[in-house]
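Topology and contacts: notes
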Amino acid sequence: MENGSSIAGDSELQQAVRQWLQFDKNPKTVSMVQDLVKEGAVEALKKCFSSRMEFGTAGLRAAMGPGTCCMNDLTIIQTTQGFCSYLEDSFDNIKERGVVIGYDARAHPPSGGGSKRFASLAAAVFISRGVPVHLFSDITPTPFVPFTVSQLGLCAGIMVTASHNPKQDNGYKVYWENGAQIVSPHDKGIAKAIEENLEPWPKSWSTEEALKSPLLKDPYQDIHTQYFKAIQKHCHHRDINKSSEVKIVHTSVHGVGHTFVQSAFQAFDLHPPYAVEEQKDPDPEFPTVKYPNPEEGEGVLTLSFALADREGAAFVLANDPDADRLAIAEKQESGKWRVFTGNELGALLGWWMFRCWKEQNSDAAAEVKNLYMLASTVSSKILRAIALKEGFHFEETLTGFKWMGNRARDLLDQGKTVVFAFEEAIGYMCSPSVLDKDGVSAAAIAGEMISYLATKSSSLSQQVTNIYEEYGYHISKNSYFICHDQDVIRSLFERLRTHSGQKDSYPTECGRFAISAVRDLTTGYDSNQPSNKAVLPTSRSSQMITFSFANGGVATMRTSGTEPKIKYYTELCAAPGNSDVTHLKKELDELVDAIVENFFEPEKNKLQPKPE
């Protein structure tokens, strides 16, 4: 490091860079770091080395590039060594059972990183320890990894993907032996094991050797067959599907979904959807979209709408790039497109899954007590309203599918039936064979629901209205502010916790709206519980407060685990029979304005609104 005189003053940085150059064998990232040292680019080096990516319950997610802050060959090896050693401590039989590794199509040519490369390095680490690895030979949707864990009885699964993040990012998502994503304390245990295994093991870089090892198997064909067989349990109207005239457009937004959704439609005997030509093949550059996230709505769907208009199709289905989420849009009589919210799709799919279940069970009245649906706490309460009327159980969990997947596993182990789970971020679990959100099975099930409604001369929009008329209107409005300053975020939430100067003294009103209850899942306070102690698990590492209002409104403010956002989720739940939608919408708009003005204080806190 003779030329690195300008970093000489920073011994910690020097140490980090020296260790990196000693461990890294990727010529591209090595020369990137050496160039920065030569140039004395202290700030740029700090950006790469200021800390290590934090391994949480969602695994890792960061930009690809050199250094401990980024996703690259060396950090993948170090992470996998930690994970492998944690698994060795947790399972005596890991050498019999093994793990599965899947990956999407992301790549970053400047640093030589990419999902396939990272997956083969992770495989090399496990194989060097004598652990059998089921490494997919080609890209797969994220749900295929938890499916494989459950199907083959493996100890764990790894999916290399950054889902719908910008193109420079990648991620490392981890599943436990129960087929669900890990929850605490596994994340802490794995993070500790990573720190203890930073030096690459002798064979960790030997991908060529690993790929020839008898311990390496390719599950692609078998899992493909088993998955499409498993989801056919949820196909109940084959005759309608075969003869349906409904035209549907599908986009995989440059991700992995295209061939899998085509196969899912085939498994349901549905006519193949029209594929958006410019977006159907995987492309790590995501050339036609600014953000490859169908949640962002219309911008991502422009090409789909154009194709639908050309083909005379009235429906668009869109997966995110790793195909675990699903967005749906429908052409209205006015010619305009309606993009459904995640909550509206949760209502539609929940209604449909229950209806199909009831049709299949001759003794539904007795069986219904064993039936469960789940949703995250920031999602619509519409399933609760349906459950109350129909007699099944509804439970809410913390935000994120890791909680729903683990809860579903517990219920299944108790002999219960879990028929559906969803979160408002367009994530749906329609089949218990995948204990995570799955945009592939959801696409086929939605295709069948659309075809069925067409035989009744009905549409998705009409059916959403029918559901709300029958079970009560649930109108929601979700958005976020961008904030890069952790101190601002902390003080914004602390101000709400100490409203009248003391600890746990929350506001009792927001503008003209009276607050009837407060639940704070950061501190564990819940005014609805006799002991004021929350029932759901609490976590100091993220901010989350829910306010219930006297008018039937509920609002949750929370920080995001993967992005610099403060999100808010609001919903007004009306009793069945109260169908003055215009009034309800106006009431919710005014409630949201009051929350933004009184609780977020965007001017004072310099918050950037969600870009339009």
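The following refers to the structure shown. (Residues numbered from 1 in each chain as written. Predicted model: local features only at pLDDT ≥ 70, side-chain atom pairs only at ≥ 80, totals over all residues. Heavy atoms only, no water.)

**Some thoughts on empty space enclosed by the protein**
Stated formally: Any residue with an atom within 4 Å of a point lines the site, the site being either a cavity, points on a 1 Å grid over the protein atoms alone where a 1.4 Å probe fits but cannot get out, or a pocket, an open set with protein on both sides within 12 Å along at least 5 of 7 lines. Grid points are joined across faces, edges and corners, and a volume is the space filled by probe spheres set on the points. To qualify as a helix, a DSSP run of H or I must reach at least 4 residues; to qualify as a strand, a run of E must reach at least 2; elements of each kind are numbered from the N terminus.
On inspection of all chains with the given rule, the structure shows four cavities of 30 Å³ or more. Roughly 90 Å³ of internal volume is contained in the largest cavity. Lining the largest cavity are 13 residues; nearest its centre among them are Val 378, Ser 379, Tyr 569, Thr 570 and Glu 571. Of all the secondary-structure elements, those providing two or more residues to the lining of the largest cavity are strand E18 (474–482), strand E23 (553–559) and strand E24 (565–573). For the lining of the largest cavity, the element with the most residues is E24, which contributes three residues.

**Some points on the pairing of strand E22 (residues 544–549)**
What counts here: Any residue under 20% of the maximum accessible area for its type is buried, any over 50% is exposed, and the rest in between are partly exposed; the area is computed with a 1.4 Å probe on protein chains only. When DSSP finds two or more bridges between a pair of strands, those strands are recorded as paired.
Of all six residues in E22, six are buried; the element is thus mostly enclosed. Here E22 shows two buried faces, one formed by Met 544, Thr 546 and Ser 548 and the other by Ile 545, Phe 547 and Phe 549. Across five bridges, strand E20 (residues 513–520) lies against E22 in antiparallel orientation. Note that in E22 the partner of Val 518 across the bridge is Phe 547. Where E22 and E23 come together, five bridges link them in antiparallel fashion.

**A closer look at the nonpolar core**
Let me state the cut-off plainly: What makes a nonpolar core is a set of buried Ala, Val, Leu, Ile, Met, Phe, Trp, Tyr and Cys residues whose side-chain atoms join them at distances within 4.5 Å.
In this structure, Phe 83, Phe 126, Phe 420 and Tyr 428 are the most contacted members of the largest nonpolar core, which totals 181 residues. Core analysis: the second largest hydrophobic core is formed by 11 residues, Leu 374, Met 404, Val 418 and Met 429 among them.

**Notes on the sheet that holds strand E14 (residues 371–376)**
Two pairing modes exist for strands in a sheet, parallel and antiparallel, and in both the strands are linked by backbone hydrogen bonds. Quick note on the threshold: All axes are obtained by fitting lines to C-alpha atoms, using only the stretch in contact for helices, and the reported angles, taken between N-to-C directions, cover 0 to 180 degrees.
Here we have four strands laid out as an open sheet, ordered E15-E14-E16-E17, and mixed in their pairing. The sheet is open, and its two edges are formed by strand E15 (393–397) and strand E17 (427–429), each paired on a single side. When the angles between neighbouring strand axes are averaged without regard to direction, this sheet yields 15°. Taken together, the five bridges between E14 and strand E16 (residues 417–423) define a ladder with parallel strand orientation. Following the sheet pairing, Met 373 is matched in E16 by Phe 420.

**With respect to the pattern of salt bridges**
Let me state the cut-off plainly: Salt bridge criterion: a side-chain nitrogen from Lys or Arg within 4 Å of a carboxyl oxygen from Asp or Glu.
Applying the stated criterion to the full structure yields 38 salt bridges. With a shortest N-O distance of 3.8 Å, Lys 389 and Glu 470 are connected by a salt bridge. Linking Lys 389 in helix H16 (residues 382–390) with Glu 470 in helix H19 (residues 460–471), this pair joins segments that are 81 residues apart in sequence. With a relative accessible area of 52%, Lys 389 lands in the exposed category. The shortest N-O distance in the salt bridge between Asp 520 and Arg 497 comes to 2.5 Å. Of this pair, Asp 520 sits in strand E20 while Arg 497 sits in helix H20 (residues 486–497), and the two are 23 residues apart along the sequence. Residue Asp 520 is classed as buried on the basis of its relative accessible area, which comes to 0%. The network of salt bridges with shared partners includes Lys 173, Asp 324, Glu 423, Asp 436 and Lys 437.

**Considerations on the layout of surface pockets**
Here is the rule: By the convention adopted, Pro, Cys, Tyr, Trp, Phe, Met, Ile, Leu, Val and Ala count as nonpolar, Lys, Arg, Asp and Glu as charged, and the other residues, Gly among them, as polar.
Approximately 420 Å³ is the volume found for the second largest pocket. Around the second largest pocket sit 19 residues that line it, and Lys 381, Arg 384, Glu 396, Arg 519 and Asn 528 are the ones nearest its centre. Contributions of two or more residues to the lining of the second largest pocket are made by E20, E22 and E23. Taken together, the residues that form the lining of the second largest pocket break down as six nonpolar, eight polar and five charged.

**Points about the packing of aromatic side chains**
How we decide: Centres within 6.5 Å are what make two rings of Phe, Tyr or Trp a pair, Trp counting through its six-membered ring; a difference in plane orientation under 30 degrees is then read as stacked, over 60 as edge-to-face, and the rest as tilted. The rule for a charge over a ring is simple: NZ of Lys or CZ of Arg within 6 Å of the ring centre, and within 35 degrees of the ring normal.
The tally for this structure, following the rule as stated, stands at 25 aromatic pairs. Here Phe 420 and Tyr 428 contribute two aromatic rings whose centre-to-centre distance is 6.5 Å and whose plane-to-plane angle is 5°, an arrangement assigned as stacked. Since its relative accessible area comes to 0%, Phe 420 is described here as buried. Over the aromatic face of Tyr 471 sits the side chain of Lys 389, whose NZ or CZ is 5.6 Å from the ring centroid. The ring of Tyr 480 has Lys 565 lying over it, and the distance from NZ or CZ to the ring centre is 4.0 Å.

**Side note on the packing of helix H14 (residues 342–360) against helix H18 (residues 439–455)**
Note the following rule: With respect to orientation, any angle under 35 degrees is reported as roughly parallel, any angle over 145 as roughly antiparallel, any angle of 65 to 115 as roughly perpendicular, and every other angle as oblique. In what follows, a contact means two residues having at least one pair of non-hydrogen atoms within 4.5 Å.
Two elements in contact, H14 and H18, have axes whose closest approach is 11 Å; the angle formed by their N-to-C orientations is 80°. In this view, H14 runs roughly perpendicular relative to H18, as classed from their interaxial angle. Across the interface between the two elements, Leu 348, Leu 349, Trp 351, Trp 352, Met 353 and Arg 355 from H14 touch Ile 445, Glu 448, Met 449, Tyr 452 and Leu 453 from H18. Among the residues forming the contact of H14 with H18, the class breakdown is nine nonpolar, no polar and two charged.

**A closer look at H16**
The periodicity of an α-helix, 3.6 residues per turn, causes residues three or four positions apart to be oriented the same way. Where H16 is concerned, the buried positions are Ile 382, Leu 383, Ala 385, Ile 386 and Ala 387. Of the surrounding secondary structure, the elements contacted by the buried residues of H16 are H14, E14, E15, E16, H19 and E18. Downstream of H16 by one or two residues, Gly 391 has phi in the positive range, about 95°.

**A short note on the side chain of Thr 29**
The test is simple: Polar contacts, as counted here, are pairs of nitrogen or oxygen atoms within 3.5 Å of one another; within protein the pair requires one atom able to donate a hydrogen and one able to accept it, and residues that are adjacent in sequence qualify only if both atoms are side-chain atoms.
The topology assignment puts Thr 29 in helix H2 (residues 27–39). Note on Thr 29: relative accessible area 1%, which makes it buried. Within polar-contact distance, the side chain of Thr 29 engages the backbone oxygen of Asn 26 at 3.2 Å. Excluding residues within four positions of it along the chain, Thr 29 makes contact with Trp 20, Asp 24, Gly 65, Pro 66, Asn 72 and Ser 111.

**Observations regarding the side chain of Asn 26**
Residue position: Asn 26 is located in the loop between helix H1 (11–23) and H2. Among the polar contacts listed, one links the side chain of Asn 26 to the backbone nitrogen of Lys 28, at a separation of 2.8 Å. When residues no more than four places from it in sequence are discounted, the contact partners of Asn 26 are Asp 73, Ser 111, Gly 112 and Trp 205.

**Focus: the pairing of E15**
Sheet topology note: the E14/E15 ladder contains five bridges and is parallel. Across the sheet, Ser 376 pairs through a bridge with Thr 397, a residue of E15.

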